[in-house]
Amino acid sequence: MQEAFLVFITNISLYPTIVFTGLVMFVTLYWVVSLLGLADMDSVDLGDVGGDADVSNLSSTGFFTGLMLKFGLYGVPLIIILSLISLIGWLLSYLYTSFLHQNVDSGILYYVFGTGALVFVLVISMWLTGLIISPIRKNIAKIPKRNASSNIGKIAVVRTLSVTDKHGEAVLNDGGAGLILKIRSDMSDNQLKQGDKVVLVAYLDDANTYRVTPVEDK
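Source: prediction; values computed, not measured.

(A) Structural detail: the pattern of salt bridges. By the definition in use, this model includes three salt bridges. Between Arg 211 and Asp 186 there is a salt bridge, and its shortest N-O distance comes to 3.1 Å. Taken together, the residues Arg 211 in strand 5 (residues 209-214) and Asp 186 in the loop between strand 3 (179-184) and strand 4 (197-204) connect sequence positions 25 residues apart. The class of Arg 211 is partly exposed, set by a relative accessible area of 24%. Assessed through its relative accessible area of 57%, Asp 186 is described here as exposed. Close ionic contact of Lys 193 with Asp 196 constitutes a salt bridge, the shortest N to O distance being 3.6 Å.

(B) Seen up close, the pairing of strand 5. Examined bridge by bridge, strand 3 and strand 5 share two bridges and lie parallel to one another. Residue Arg 184 lies in a different strand from strand 5, and its bridge partner there is Arg 211. Alignment of strand 4 against strand 5, held across six bridges, turns out to be antiparallel. Across the sheet, the residue bridging to Val 198 is Pro 214, located in strand 5. Here strand 4 folds back onto strand 5, and the loop between the two strands holds four residues, one of which, Asn 208, carries a positive phi near 55 degrees.

(C) A look at the packing of helix 2 (residues 17-35) against helix 4 (residues 78-99). Orientation of helix 2 relative to helix 4, taken along the N-to-C sense of each, is 150 degrees, at an axis distance of 8 Å. Classified by the angle their axes make, helix 2 and helix 4 are roughly antiparallel. Crossing geometry of helix 2 relative to helix 4 is assigned as left-handed. Packed against helix 2, whose contacting residues are Thr 17, Phe 20, Thr 21, Leu 23, Val 24, Val 27, Tyr 30 and Trp 31, the element helix 4 presents Ile 79, Ile 80, Leu 82, Ser 83, Ile 85, Ser 86, Leu 87, Gly 89, Trp 90, Ser 93, Tyr 94 and Thr 97 at the interface. Residue composition of the contact of helix 2 with helix 4, grouped by class: 13 nonpolar, seven polar and no charged.

(D) Inspection of the sheet that holds strand 5 at higher detail. The strand order around the closed barrel formed by five strands is 1-2-3-5-4, and the pairing between neighbours is mixed. Adjacent strand axes in the sheet meet at a mean angle of 55 degrees when their direction is disregarded. Bridge count between strand 1 (residues 155-158) and strand 4: three bridges; the pairing is antiparallel. Residue pairing across strands places Ala 156 opposite Val 198, the latter belonging to strand 4.

(E) Looking closely at the packing of aromatic side chains. Under the counting rule described, the total for this entry stands at seven aromatic pairs. Relative to Tyr 111, the ring of Tyr 110 lies with its centre 4.9 Å away and its plane at 85 degrees, an arrangement referred to as edge-to-face. Ring centres of Tyr 203 and Tyr 210 lie 5.0 Å apart, and the angle between their planes is 55 degrees; on these two criteria the pair is classed as tilted. Here Tyr 203 and Tyr 210 have matching classes, each one buried.

(F) Quick look at the layout of surface pockets. In this structure, the second largest pocket occupies an estimated 200 Å³ of space. In terms of lining residues, the second largest pocket is bounded by eleven residues, among which Phe 64, Met 68, Leu 82, Ile 85 and Met 126 are the most central. Those elements giving two or more residues to the lining of the second largest pocket turn out to be helix 3 (63-70), helix 4 and helix 5 (108-142). Of the residues belonging to the lining of the second largest pocket, the class tally is eleven nonpolar, no polar and no charged.

(G) Spatial organisation of a nonpolar patch on the surface. Together, Leu 91, Leu 95, Phe 99 and Leu 100 make up a nonpolar patch on the protein surface, roughly 410 Å² of accessible area in all. Mapped onto the secondary structure, Phe 99 falls in helix 4. For Phe 99, a relative accessible area of 56% corresponds to the exposed category.

Cut-offs and rules
- Residues numbered from 1 in each chain as written.
- Predicted model: local features only at pLDDT ≥ 70, side-chain atom pairs only at ≥ 80, totals over all residues.
- Heavy atoms only, no water.
- Salt bridge = Lys/Arg side-chain N within 4 Å of Asp/Glu carboxyl O.
- Helix = DSSP H or I, 4+ residues; strand = E, 2+ residues; numbered from the N terminus.
- Buried < 20%, exposed > 50% of the residue type's maximum accessible area, 1.4 Å probe, protein only.
- Pairing = 2+ DSSP bridges.
- Axes fitted to C-alpha atoms, helices over the stretch in contact; angles between N-to-C directions.
- Parallel < 35°, antiparallel > 145°, perpendicular 65-115°, else oblique.
- Left-handed = near helix turned anticlockwise from the far one by under 90°.
- Contact = heavy atoms within 4.5 Å.
- Nonpolar A, V, L, I, M, F, W, Y, C, P; charged D, E, K, R; others polar.
- Phe/Tyr/Trp six-rings, centres within 6.5 Å; stacked < 30°, edge-to-face > 60°.
- 1 Å grid on protein atoms, 1.4 Å probe; cavity = no way out; pocket = protein on both sides within 12 Å on 5 of 7 lines; lining within 4 Å.
- Points joined across faces, edges and corners; volume = space filled by probe spheres on them.
- Patch = residues over 30% accessible without salt bridge, like charges linked within 9 Å, V, L, I, M, F, W, Y side chains within 5 Å.
- Areas by Shrake-Rupley, 256 points an atom, 1.4 Å probe, with all protein chains shown as cover.

See the structure below:
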């Protein structure tokens, strides 16, 4: 058992698997931080580029954005996309390290084959992730937003450490488990913090977020 564990640790520390090992550690830490309310899970922002955009010309939208569109990596929170890519990439690269890479244990060929495997695994991971999230993205798009406007005027409680014009989340008591909403604030001073009560004053449909103001003490 101990020998098998040492082999496992060795394999996940070898190139290129160590790259995906680092990514898995990062997304795991992010999930923990998010669950503790220290960060929020913003969706991928592709600006005005939609799923029906022409992705054959990546230069029209930027290489990174165009690449994500080409693989269908949009429409769900970015952390979910990164988590899937990391896990799939880690598994594939681990298999490569365990069964193939061990035959080339040193020298320049070690890094040449390793880099080739890294690129190949990354592409396959992005492609598989796009396939996995495709039905999720379609279902999210079908979710009606008719209740969004009805929340205006209600009071929610901030769950992230702070709220800015870029990020923030709050919990709205809906009589059940509670709704986690993305919120934004333009306050430059007296910044909102975790535990503060806020009023939902406007719904921003394009960003699926609420503009909030603090509840004034009476």
